[in-house]
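The chain contents come next:
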Amino acid sequence: MFERSTRIARVAGIPIRVHFTLWLLLPVIAINLSRSMGLSSLGWGLLAAFGVFTSVALHELGHSLVAVAFGCRVRDITLLPIGGVAQLERMPTRPRHELLVAVAGPLVSIALSLLFRTAARPLAHVGAVRLALVLQSLSIINLVLALFNLLPSFPMDGGRIFRAWLTPRLGRLRATRIATRIGQTMAILFGLLGIWSVDLFLIVIAIFIFRAASAEYRMVRIREIFANAPPLPFGRPPPGIATDEVFVSPPPYEHGPARSTPLRPVSRDPFEDLFGSR
Ligand code: ZN
């Protein structure tokens, strides 16, 4: 799906790739990050960028490893300037499994947020103020990454959770249609917000989400047609029809960490609003 990407690592058999556009934009991202942290050094910006994309990769690994536990195959994880994308083959269709796969990414990000925050405190006390600032920023970025991805904007995580909740009630196709409509409406809102705030990253994320939602709805429709049709000689959708599901996780580095924002502890389960207590 993402050509011209280079493999930088392999974790639990899953290749992790970096798209060439991320290599190209890395200096811009690093400068943005260093400015938002109030550290006018490219070195600190690059360190923060490394932290952001490692965090995004771990978020995607969270999805991927839970998916693998349910018998999926993960083709790869690609890091792009607009975030991470995990490409899964044979996504579990049981709503409960789907829900757990979708929840895993934000849970990893929340855990990372707490970890960075815990690590930042002692560093500030021993005088490593800049490093503490980077870690504090990464803590906030991971928290925003979790919360932003939990918006019900299909095919982002919140949209997948919403579809998994809707599927037993309406069936997979109708649930996907509703989730897609909401996802596309939110993508349009992101796009307008991006235009209004002159935020190119947000505009690209909006276009990406809009197109990914359409593509996935088409795929679910084709699968339903094949599932309801009499057995065909080839038994599966003809080649050329995408059968992958993608997890899209845009990072929030553009709206960088506010220097003075105190981190509030996550005092409640963010999923409780959607599903009630588990
Ligand atoms: Zn995610």
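To start, this report covers the structure provided alongside it.

Conventions adopted
- Residues numbered from 1 in each chain as written.
- Predicted model: local features only at pLDDT ≥ 70, side-chain atom pairs only at ≥ 80, totals over all residues.
- Heavy atoms only, no water.
- Donors = N, O, S within 2.8 Å, 3.2 Å for Na, K, Ca; no water.
- Tetrahedral: all angles 85-135°; square planar, octahedral: opposite > 155°, others 65-115°.
- Helix = DSSP H or I, 4+ residues; strand = E, 2+ residues; numbered from the N terminus.
- Buried < 20%, exposed > 50% of the residue type's maximum accessible area, 1.4 Å probe, protein only.
- Axes fitted to C-alpha atoms, helices over the stretch in contact; angles between N-to-C directions.
- Parallel < 35°, antiparallel > 145°, perpendicular 65-115°, else oblique.
- Left-handed = near helix turned anticlockwise from the far one by under 90°.
- Contact = heavy atoms within 4.5 Å.
- Core = buried A, V, L, I, M, F, W, Y, C linked by side-chain atoms within 4.5 Å.

**Observations regarding the coordination of the zinc ion**
At 2.0 to 2.5 Å from the zinc ion lie its protein donor atoms, namely H59 (NE2), H63 (NE2), D157 (OD) and D157 (OD). Around the zinc ion, the four donor atoms sit at angles spanning 57 to 152°, and that spread fits a shape best called irregular. Read N to C, the donor residues that coordinate the zinc ion are spaced as H-x3-H-x93-D. You can see H63 sitting in helix α2 (residues 42–69) and its partner D157 sitting in helix α5 (residues 157–170), a full 94 residues away along the chain.

**As for the environment of A12**
Position of A12 among the secondary structure elements: in the loop between β1 (5–11) and β2 (14–19). A12 sits in the exposed class, given a relative accessible area of 63%. Along the primary structure A12 and V68 are separated by 56 residues, whereas in three dimensions their C-alpha atoms are 9.9 Å apart.

**Quick look at the packing of helix α3 (residues 95–125) against helix α4 (residues 129–149)**
The contact between α3 and α4 brings their axes to 8 Å, and the two run at 160°. The orientation of α3 relative to α4 falls into the category roughly antiparallel. Seen from above, α3 lies across α4 with left-handed handedness. For the pair formed by α3 and α4, the contact residues are P106, S109, I110, L112, S113, F116, R117, A119, A120, L123 and A124 on the first element and V129, L131, A132, L135, Q136, L138, S139, N142, L143, L145 and A146 on the second.

**With respect to the environment of A111**
When you line up the elements, A111 lands in helix α3. With relative accessibility at 45%, the residue A111 sits in the partly exposed group. Taking the C-alpha atoms as reference points, A111 and S139, 28 residues apart in sequence, are found 9.3 Å from one another.

**Looking at the nonpolar core**
Within the largest apolar cluster, 33 residues are counted, with the highest numbers of intra-cluster contacts made by I29, L33, V52, L79 and L88. Elements with a minimum of two residues in this core: β2, α1 (20–37), α2, β3 (73–80), β4 (83–89), α3 and α4. If you look at the next biggest cluster of nonpolar residues, it comprises 14 residues, including I82, V85, F148 and I209.

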